[in-house]
Amino acid sequence: MRRRGRSLRVGLIVEVEAYDGPRDLACHASRGRTARTEVMFGPAGHAYVYLVYGMHHCLNVVTGPEGYPAAVLIRALALDPQDGDEAGQAARAAAGPGRLTRWLGVARAQNGADLCDRSGPLWIEASGPPAPKAIVTGPRIGVDYAGRWAARLWRFGIAGHPALSVPFARKKRGAGPARG
DNA sequence: GTCCGGATCTTT
DNA sequence: AAGATCCGGACA
């Protein structure tokens, strides 16, 4: 949930990635505790927002116990249909970590925001539809540099959801599709 | 101070 | 297939 003045934007989280602690080479905190990663070392439930590629912001939820840097990257939201012009466009407006921060209007000003505070500018609540049974997993996106950590299946999504950012490789079936 | 490269998206 | 675009982190 994102509130700016009188406007409220609501999305359902449909895709995430886990970044787990100082040993995970894909986790920013693996290079030590710095000003940027500071909030990841703080208490869980706060927002870790950073800039990638010089142009896109990414929104993470700090998850570990205090002092242990871990976070979950929110990669895609499904939108309330009334928030989009057209059903098809709404489905993709927040598909992808950079897209969703743009759609929410989240940037570094929201770094450290308390995501459990429903009276704040940005928060998460468990008020959506029941958790889906079918969750698909895959390797995290864009972290090939992370050695063996890149192979961990730490990307999670709701199976078949139209708002997923990048397709999940399907289970082998005959001549398995090499993802292209 | 300087340099390098990225948890992406859009356009060709 | 490649450009946009800039900060954080590593080195000096």
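Please read these numbers as outputs of a predicted model, since none were measured by experiment. (Residues numbered from 1 in each chain as written. Chains lettered and ligands numbered in written order. Predicted model: local features only at pLDDT ≥ 70, side-chain atom pairs only at ≥ 80, totals over all residues. Heavy atoms only, no water.)

Considering the side chain of Ser165
Reasoning step 1: Within the secondary structure layout, Ser165 lies in the segment after β8 (155–158).
Reasoning step 2: Accessibility expressed as a relative area gives 16% for Ser165, which makes it buried.
Reasoning step 3: In terms of polar contacts, Ser165 uses its side chain to reach the side chain of Arg75, at 3.0 Å.
Reasoning step 4: Beyond its immediate sequence surroundings of up to four residues, Ser165 is in contact with Glu15, Arg75, Ala76, Arg92, Ala95, Gly96 and Arg155. (Helix = DSSP H or I, 4+ residues; strand = E, 2+ residues; numbered from the N terminus. Buried < 20%, exposed > 50% of the residue type's maximum accessible area, 1.4 Å probe, protein only. Polar contact = N/O pair within 3.5 Å; in protein donor to acceptor, adjacent residues only side chain to side chain. Contact = heavy atoms within 4.5 Å.)

A word on the nonpolar core
Reasoning step 1: Core analysis: the largest hydrophobic core is formed by 19 residues, its most contacted members being Tyr19 and Met40.
Reasoning step 2: Elements supplying a minimum of two residues to this core: β3 (11–20), β4 (47–52), β5 (56–62) and β6 (70–79).
Reasoning step 3: The element best represented in this core is β4, accounting for three residues.
Reasoning step 4: Once residues within four sequence positions are removed from consideration, Tyr19 is found in contact with Asp24, Ala26, Cys27, Pro69, Ala70, Ala71, Leu73, Arg140, Ile141 and Val143.
Reasoning step 5: Judged by nonpolar contacts, the second largest core, of 16 residues, contains Leu59, Ile74, Leu77 and Leu122. (Core = buried A, V, L, I, M, F, W, Y, C linked by side-chain atoms within 4.5 Å.)

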